[in-house]
Amino acid sequence: MTRIVTRFTAGVLAAAAITAAGVAPASAAPFERPTGGPQGGAAAAQNAARGHLVSVSHLATMSAEQVRAWLASEDFDTASVRYGVDTYRLVYRTVDTRGRATTASGLVVLPRNRDRRLATVSYTHGTTSYKPDAPSTADDAWGPGPAVTYAAAGFAAVAPDYLGLGLGPGIHPWKDVPSETSASLDMLRAARHFAPRTGRVLDGRVFVTGFSQGASSALGLARSLQGGADPHFRVRALAPISGAYDFRGAELPSLLAGDIAPKMAVAYTSYLLTSWNRVHGGIYGSPSELFREPYAERVEKYFDGTTPGPVMLDGLPDTLDALLTPRGFALLEHPSGTFAEALRVDAEVCTAWTPRVPVRLYKMAGDEQAGTANTDHCAAGFRERGVTVPVVEVGERLYGGSRHLGSNLEGTARIVRWFGELR
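Conventions and cut-offs
Along every chain, residues carry numbers that run from 1 in the direction the sequence is written. Local features in this predicted model are restricted to residues whose pLDDT is 70 or higher, and side-chain atom pairs enter the listing and the counts only when it is 80 or higher, whereas totals over whole chains, interfaces and linings include all residues. Side-chain metrics in this entry use all non-hydrogen atoms of the structure; hydrogen atoms and water are not considered. Side-chain atoms within 4.5 Å link the members of a nonpolar core, which is a set of buried Ala, Val, Leu, Ile, Met, Phe, Trp, Tyr and Cys residues. Think of it in three bands: residues with accessible area under 20% of the maximum for their type are buried, residues over 50% are exposed, and the middle band is partly exposed, with areas taken using a 1.4 Å probe on protein chains only. Secondary structure elements are taken from DSSP: a helix is a run of H or I of four residues or more, a strand is a run of E of two residues or more, and numbering for both begins at the N terminus. Any two residues having at least one pair of non-hydrogen atoms within 4.5 Å are treated as being in contact. Side-chain rings of Phe, Tyr and Trp, where Trp is taken by its six-membered ring, are said to pair if the distance between their centres is within 6.5 Å; with planes under 30 degrees apart they count as stacked, over 60 as edge-to-face, and otherwise as tilted. Each ring is checked for a lysine NZ or an arginine CZ that lies within 6 Å of its centre and within 35 degrees of its normal; such an atom marks a charge sitting over the ring. Polar contact criterion, stated in full: a pair of N or O atoms within 3.5 Å, where within protein one must be able to donate a hydrogen and the other to accept it, and residues adjacent in sequence count only if both atoms are side-chain atoms. Every case where a carboxyl oxygen of Asp or Glu lies within 4 Å of a side-chain nitrogen of Lys or Arg is listed as a salt bridge.

## Remarks on the nonpolar core
Within soluble globular proteins, side chains that are nonpolar generally end up buried alongside one another.
Part 1: In this structure, Val108, Val208, Leu219, Leu225 and Leu238 are the most contacted members of the largest nonpolar core, which totals 43 residues.
Part 2: If you list the elements that add at least two residues to this core, you get strand 4 (85–95), strand 5 (101–111), strand 7 (156–160), helix 4 (177–194), strand 8 (201–211), helix 5 (213–226), strand 9 (234–241) and helix 13 (373–384).
Part 3: Looking at this core element by element, the count peaks at eight residues for helix 4.
Part 4: With sequence-adjacent residues up to four places away left out, Leu225 is seen in contact with Leu185, Leu188, Val206, Val208, Phe233 and Val235.
Part 5: Counting residues in hydrophobic clusters, the runner-up holds 41 residues, among them Met62, Trp70, Val81 and Phe155.

Put into structure tokens, the structure is as follows:
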């Protein structure tokens, strides 16, 4: 069966032919948050519960041959496939942006080999605005493809959906590194609790990677693990792909200069402002302050997780001039207040810690969504802290005409080989 799928994933409307692969069916000092989180003993009890399992669903079993066909349906490289895999959806306990108890979901993929003890790859995914497009609930190979790639090479792979995506309640707090970090860390804990049910053990080594939005998430997770956030896990290497690490110093200037694809600039700007107003407050009182009509009355609905990506893109204008009011443009050109502080915290993944493990930053020249100055600025931030981080240019690899999405395909192919060498 072949069908055409359109999605807003990592900020692009892509069209791809998806071919079924005969898969077995499923069986049952960060930014200060607003007050109101748990206190005292309640907080301690909640922290103890983080990462505990709520439910587990076995999604599919694939042989190595089926994995190759399935990955190839979205143009993922299959050279590293050695094993078949089992995929599972976990729902687990974590905390929201205010430190309150909530749940999130994510994908675990285990290789069908005889190794009892497994090193883990954490893959944090690129942008999606629609709940079902998250890795554990996606109906194609794009979202879960990297996790399956790593598992088919012999790793245990985990891919958190983040807060508010997949089966997570509420609205996704897009580009919020603190909550992406906590959701990713608790996903690792949930995977550790789950693995013994399959006769496996996660040995504590974690290789961290992520794409686009997930590139900053990967840096946040690696920073947390290196800082001792969980005594069982130790980061072994870090390899993010095509991140927008420096929104204030790189991404916003590129966006305003017209260097980002116009429709993607509209989508990213809308997502950022609506998300950060929900998370931090103080960016606008009414959407009409920053967004022109008729978009002001519907822009928040487009990013509440219930609107499919193509519908959202069709409903937004083609240019920033048609989207933003003068006040909206002024905020992007001269960030201030809550918005400026949130931008500062977002960029700290490259400026506020010193990696002590091997790191490579992957990018593609001419990226139309995450300007490559982001990667250059990130490398410079680490260099100022005495760490020279190699920047790997992944060459020419397009997906649906997109260089940005193509970098995920080529970056994954290179990173699985590098992680295999380190393991």
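Picking up after the structure, the text goes on.
## What about the packing of aromatic side chains?
Part 1: What the rule picks out here adds up to 14 aromatic pairs.
Part 2: Ring geometry for Phe207 and Phe419: centres 5.1 Å apart, planes at 50°, overall tilted. Remark: Phe419 occurs in helix 14 (residues 403–422) and Phe207 occurs in strand 8; sequence separation between them is 212 residues.
Part 3: For Phe207, a relative accessible area of 0% gives the class buried.
Part 4: Against the face of Phe155 rests Arg423, its NZ or CZ located 4.0 Å from the ring centre.

## A few points about the environment of Lys263
Part 1: For Lys263, the location among the structural elements is in helix 7 (residues 262–280).
Part 2: Sequence separation of Lys263 and Pro317 is 54 residues, and the distance between their C-alpha atoms is 7.5 Å.
Part 3: Among all residues touching Lys263, those that are not within four sequence positions of it are Leu313, Leu316, Pro317 and Asp318.
Part 4: There is a polar contact of 2.7 Å between the side chain of Lys263 and the backbone oxygen of Leu313.

## Quick word on the pattern of salt bridges
Part 1: All told, the structure shown has 16 salt bridges when counted by the stated rule.
Part 2: Salt-bridge contacts for Arg112 lead to Asp86; the nearest nitrogen and oxygen are separated by 2.6 Å. Placement of Arg112 in the loop between strand 5 and strand 6 (117–124) and of Asp86 in strand 4 is noted, with a sequence separation of 26 residues between them.
Part 3: When its relative accessible area of 47% is taken as the criterion, Arg112 is described as partly exposed.

## Some points on unusual backbone geometry
Part 1: That bond from Glu293 to Pro294 is cis: its omega, 5°, falls within 30 degrees of zero.
Part 2: Locating Pro294 in the fold gives a position in the loop between helix 7 and helix 8 (299–302).
Part 3: Even without being a glycine, Tyr162 presents a positive backbone phi close to 80°.
Part 4: Within the secondary structure layout, Tyr162 lies in the loop between strand 7 and helix 4.
Part 5: On the basis of relative accessible area, Tyr162 is assigned to the buried category, the value being 1%.
Part 6: Unusually for a residue other than glycine, Lys175 sits at a positive phi of about 60°.
Part 7: Structurally, the position occupied by Lys175 is in the loop between strand 7 and helix 4.
Part 8: For Lys175, a relative accessible area of 4% translates into the label buried.

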